Amino acid sequence: MCSLIIASCTTAFAEEVVQEFTLEGLVVEGDSTGRTSLPGGFQNAQARFGIMGDKDIMKVPMTIHSLTEKTLAQQMGPDGNLQDVMGNIPGITVGTSPIKTDFSIRGMAGNAALMTYNGIPGFFVMAIGPEDYTIGSMDAIVGPAATLLGSQQSSSGSYSASSNGTPGSINLLTKRALKEDHIKYIQSISGRGNYGEVFDISQRFGKNREWGVRVYGQTNEGALAISGAKINRQNISVDISRDTEKASTNFFYTYFDKKNSGTDRRFSVARKFATVPSAPDNSTNYEVPGMYQQRYGWISTFNHEQKMDKNSSWFVNAGMGETFLRRFIYNGEMNIDEKGNFDNTTVWSQHFAVKNKYIQAGIKEKFKIGPTTHNVTAAIDRSDRTWYNNNQNFEYGINPGANQNLVFGNIYTGISWKDAVYLRDRSRELGKRFSNREIDVSLNIVDDIEIGKWDVMIAGTRRHGNFLSKVAKTQKTSENVHDIQWTPTYGVSYTPNDNTTIYAARAYSISRGMIVGQTESGIYDNEGEYLPSVKTKSDEIGVKVKVKDMFYSLAYFNLKQPNYNTDPNNDKIYGIFGKNTYKGVDFSVTGKLADKWNMFGGFEYLNAKQDDGKPVDGSVKWHGVLGLEYKPTADSSITGRLNYSGKSDYNSNYGVRSLPAWRTFDIFASQKTHLGSMPVTFRMQAYNVFNSNHWIGKTGEGTKFLLSNPRTVVLSAEFDLDKLWRKNKK
């Protein structure tokens, strides 16, 4: 494979076909997902904006990004994950263990619970994320406007998003049948011998080729760049779509099975220590042999929109899925002291499952009243999600291992363990145990009003929730808790010309309340009490500008987030105490710099404070990204990406302690060529090229932080078999 890549870089035989359109004075390339992309091809010109559907990003009165299929293919590859590209968005900071899905939006903690699959919420939690290869594009609303989607179950606890209000939303649009048919086969190698294979078949049929079917799947297994770490993954997906002048229909189904071992990178230094030890060699494996995490299950989605006339349509969105998680891992994180010694680190085993059902139906209507044009969307939806959570403590009465020092040693010299650690691996024996069920019904209304050069958006969601939970300590099931909330969102924008938009917005996000003791294992005196909901408020003022082939976005934001916390006067009481404030500026840019040169990038400045003036744990004042692509020919590309993060602040008993600033550099390269008459595309992704060893701050989870991943190189070859198949068929 290496020889073929070297040889192919000398000469290009294939001709790249790029379809171009003119959109509001800009030349944009056609994206294979059906959207148009901005110059440079790294971002789409449209993004899903809740129940309103796809909107021009210039006309959305909030910060919104849509990463293209080109970006995902170039920087994530067949074996990567969404964390590899989410950091391209300045308002999002990433950094997580491969067994987690954590990130933050404008300093507020989040994870895959904030992600929707084709607009359907509820499939994912902290340790259960999407199958990355299924994603064709990714839309991110930066700021708590997630209620525009419908019922967002911002459940409390470590298996979902932060219970203190939803900080944003990310919609994942799965891959669909393309305009042109293809049959592709991909081989890849990465890490220390992780081999992968992918097949991808896309075909269109029927009158005017209105029916499309795309079937694709992957398998890969072997050693990662982390010493002794492994991954074993299989998945298969099918997408069936039909597009006519009056209707658009899509059905998607995926089955997946993924097992990780040796990939836990989560650490914590208690507040009683004044300093944090320097980061160790990031290629070291810190798991006890035999530890693992495996998730498996299935997900399906259905989307349909039907035009009734040129100004009216109705739509239905629905989804079902069931995912299981079995694991034998550290209980939370690896606790270390200021010298890097393991400090009372515990282990546990768990069987977790989530079952999700969702349906939404709505209408869209466009009409005029005097000088105003109204674009009204109304929808009602029902979300039904059940969690099953069983672990060794519930089933066998085994203490998590506090003060037993089953795992000991040092992060620099290596870890050791007692044989008793394996007595706690009950993961394969544990059955399903009911944890909680949440059923939400919501009414969602949006009126987008056009008045000349002004645009006013008024939206609201009324959610009626029912929550049933089993308390961990008593094992008793609570009565249904009714939770009724009203969430408004407002926005106004002014477009003096086609290339400039000035806007302001206010959005609210409300989590449901939480039951004390659900995740705290009974350490509070008020366990079982249902706490009221938390309302997060976000204000944003910004400007979006197009200049020739460049797109710029600048926003000032101010978020206020009340906190679930212990009572400062009684650490045995848990409730709403104190609040966090997140103020800052984010700036982004993408486009075509010159012939053969494209770029993307941006930065965020964040001032995250608690109401006592102390910094929010894990917060970073400055972070940014800069990517530059050079295309010497139509068939070749090389991109460099620089990621930077300033120091990350944490509170301790001795004041503020900080993790050092860090930077990483990545390289992505591709070359299209032929092997005989068969088109082939070779790709390379090289992450953390200079192998920076550093800690990564983690907001929203106390004293936790993460260890960087080592230098990782991925090589792949994509074979286009369609022409050979048609030739042999003839």
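Along each chain, residue indices are assigned from 1 in the same order as the chain's sequence is written. Given that the model is predicted, a residue must reach a pLDDT of at least 70 before its local features are reported, and side-chain atom pairs must reach 80 or more before they are shown or counted; all residues, however, enter totals for whole chains, interfaces and linings. As a rule here, side-chain values cover all heavy atoms of the structure and leave hydrogens and water aside.

Focus: the overall build of the protein
Here is step 1: Helical segments are the DSSP runs of H or I of at least four residues, strand segments are the runs of E of at least two, and each set is numbered from the N terminus. Helix and strand counts for the protein stand at five helices and 43 strands.
Here is step 2: Only heavy atoms enter the contact rule, under which two residues are in contact if any of them lie within 4.5 Å. Considering only contacts in the protein between residues 6 or more positions apart, those separated by 24 or more positions represent 67%.
Here is step 3: Residue burial considers only the protein chains on display, and all accessible areas are found by Shrake-Rupley using a 1.4 Å probe. Looking at the protein as shown, the accessible area adds up to about 28700 Å², and 55% of this sits on carbon and sulfur atoms.

Notes on the packing of aromatic side chains
How two aromatic rings sit relative to each other is set out by the distance from centre to centre and by the angle between their planes.
Here is step 1: Two rings from Phe, Tyr or Trp (for Trp, the six-membered ring) form a pair when their centres are within 6.5 Å of each other. A pair whose planes differ by under 30 degrees is stacked, one over 60 is edge-to-face, and the rest are tilted. Considering all chains together, one arrives at 23 aromatic pairs under this definition.
Here is step 2: Geometrically, the ring pair formed by Phe 352 and Trp 387 is edge-to-face, given 5.8 Å between the ring centres and 65° between the ring planes. Here Trp 387 lies in strand E23 (residues 372-391) and Phe 352 lies in strand E22 (residues 347-369), a separation of 35 residues in the sequence. Comparing Phe 352 with Trp 387, the two get one shared label, buried.
Here is step 3: Both rings, one in Tyr 605 and one in Trp 622, keep their centres 4.9 Å apart while their planes meet at 50°; by these two values the pair is tilted. Of the two residues, Tyr 605 is situated in strand E33 (residues 597-610) and Trp 622 in strand E35 (residues 622-633); the sequence distance between them amounts to 17 residues.
Here is step 4: Judged by its relative accessible area of 28%, Tyr 605 falls in the partly exposed class.
Here is step 5: Here a set of aromatic residues connected by ring pairs shows up, and it is made of Phe 267, Tyr 286, Tyr 650, Trp 695 and Phe 705.
Here is step 6: By the criterion adopted, a ring carries a charge over it if an Arg CZ or a Lys NZ lies within 6 Å of its centre and within 35 degrees of its normal. Above the plane of the ring of Tyr 503 lies Lys 544, whose end atom (NZ or CZ) is 5.3 Å from the centre. The buried label goes to any residue with under 20% of its type's maximum accessible area, the exposed label to any with over 50%, and the partly exposed label to all in between, with areas taken from a 1.4 Å probe on protein chains only.

Re the side chain of Asp 84
Here is step 1: You can see Asp 84 is positioned in helix H3 (residues 83-86).
Here is step 2: Working convention for charge: Lys and Arg count positive, Asp and Glu count negative, and His plus the chain ends are omitted. By definition, a salt bridge exists where a carboxyl oxygen of Asp or Glu is found within 4 Å of a side-chain nitrogen of Lys or Arg. No salt bridge is formed by the buried Asp 84. Its closest oppositely charged neighbour is Arg 641, at 5.6 Å.

Thoughts on the pattern of salt bridges
Here is step 1: Following the criterion strictly, the structure yields 28 salt bridges and no others.
Here is step 2: The partner of Arg 295 in a salt bridge is Glu 131, and the shortest N-O contact between them spans 3.0 Å. In this pair, Arg 295 is assigned in strand E19 (residues 292-309) and Glu 131 in the loop between strand E10 (115-117) and strand E11 (135-142), connecting sequence segments 164 residues apart. Pair check on accessibility: Arg 295 and Glu 131 agree, each one buried.
Here is step 3: Here Arg 428 makes a salt bridge to Asp 425, at a shortest N to O gap of 3.5 Å.
Here is step 4: In this structure Asp 425 comes out as partly exposed when scored by relative accessible area, which is 22%.
Here is step 5: Taken together, the salt bridges that share partners define one network made up of Asp 102, Glu 333, Lys 698, Glu 701 and Lys 704.

Remarks on the sheet that holds E11
Here is step 1: For two strands to be treated as a pair, DSSP must find at least two bridges joining them. Strand order in this open sheet of four strands is E6-E11-E12-E10, and the pairing throughout is mixed. Two strands bound the open sheet, and with one partner strand each, they are strand E6 (63-67) and E10. Taking each pair of neighbouring strands and ignoring which way they run, the sheet shows an average axis angle of 15°.
Here is step 2: Relative to strand E12 (residues 168-174), E10 is paired through three bridges, and the arrangement is parallel. Across the sheet, the residue bridging to Tyr 117 is Leu 172, located in E12. Fitted lines through C-alpha atoms serve as axes, helices being fitted only where they are in contact, and the angles separating the N-to-C directions of these axes extend from 0 to 180 degrees.

Considerations on the sheet that holds strand E8 (residues 103-105)
Here is step 1: Pairing within the open sheet is antiparallel, and its three strands lie in the order E7-E8-E9. The outermost strands of the open sheet, each flanked by one partner alone, are strand E7 (92-94) and strand E9 (108-110). Looking at each pair of strands side by side, their axes are set apart by 30° on average, direction ignored.
Here is step 2: Examined bridge by bridge, E7 and E8 share three bridges and lie antiparallel to one another. The residue of E8 that forms the bridge with Ile 92 is Ile 105.

Here's the deal with the nonpolar core
Here is step 1: Counting 38 residues, the largest nonpolar core has Leu 82, Met 115 and Ile 170 as its most contacted members.
Here is step 2: At the level of elements, H3, E8, E10, E11, E12, strand E17 (247-261) and E22 are the ones that each hand at least two residues to this core.
Here is step 3: Counting residues per element, this core draws most heavily on E11, at four residues.
Here is step 4: Every residue in contact with Leu 82, bar those within four places of it in the chain, is listed here: Leu 72, Met 76, Met 115, Pro 130, Asp 132, Ile 135, Met 138 and Leu 172.
Here is step 5: With 24 residues, the next largest nonpolar core counts Val 288, Ile 336, Val 347 and Leu 659 among its residues. Take the buried Ala, Val, Leu, Ile, Met, Phe, Trp, Tyr and Cys residues and link them wherever side-chain atoms come within 4.5 Å; each set so joined is a nonpolar core.

Remarks on a nonpolar patch on the surface
Here is step 1: Like-charged residues are merged into a patch within 9 Å and nonpolar side chains (Val, Leu, Ile, Met, Phe, Trp, Tyr) within 5 Å, provided each residue has over 30% relative accessible area and no salt bridge. A contiguous nonpolar surface patch, about 440 Å² in accessible area, is contributed by Phe 205, Trp 211, Ile 240, Phe 251 and Phe 302.
Here is step 2: Within the secondary structure layout, Phe 302 lies in strand E19.

Quick word on the pairing of strand E30 (residues 535-547)
Here is step 1: Here E30 shows a buried face lined by Thr 536, Ser 538, Glu 540, Gly 542, Lys 544 and Lys 546 and an unburied face lined by Lys 535, Lys 537, Asp 539, Ile 541, Val 543, Val 545 and Val 547.
Here is step 2: Where strand E29 (residues 500-510) lies against E30, eleven bridges are found, and the strand directions are antiparallel. Looking across to E30, one finds that Thr 501 is bridged to Lys 544.
Here is step 3: Across eleven bridges, the pairing between E30 and strand E31 (residues 550-567) is antiparallel. The partner of Lys 546 across the bridge, within E31, is Phe 551.
Here is step 4: Connecting E30 to the antiparallel partner E31 that follows it, the hairpin turn spans two residues, and Lys 548 within it adopts a positive phi of roughly 55°.

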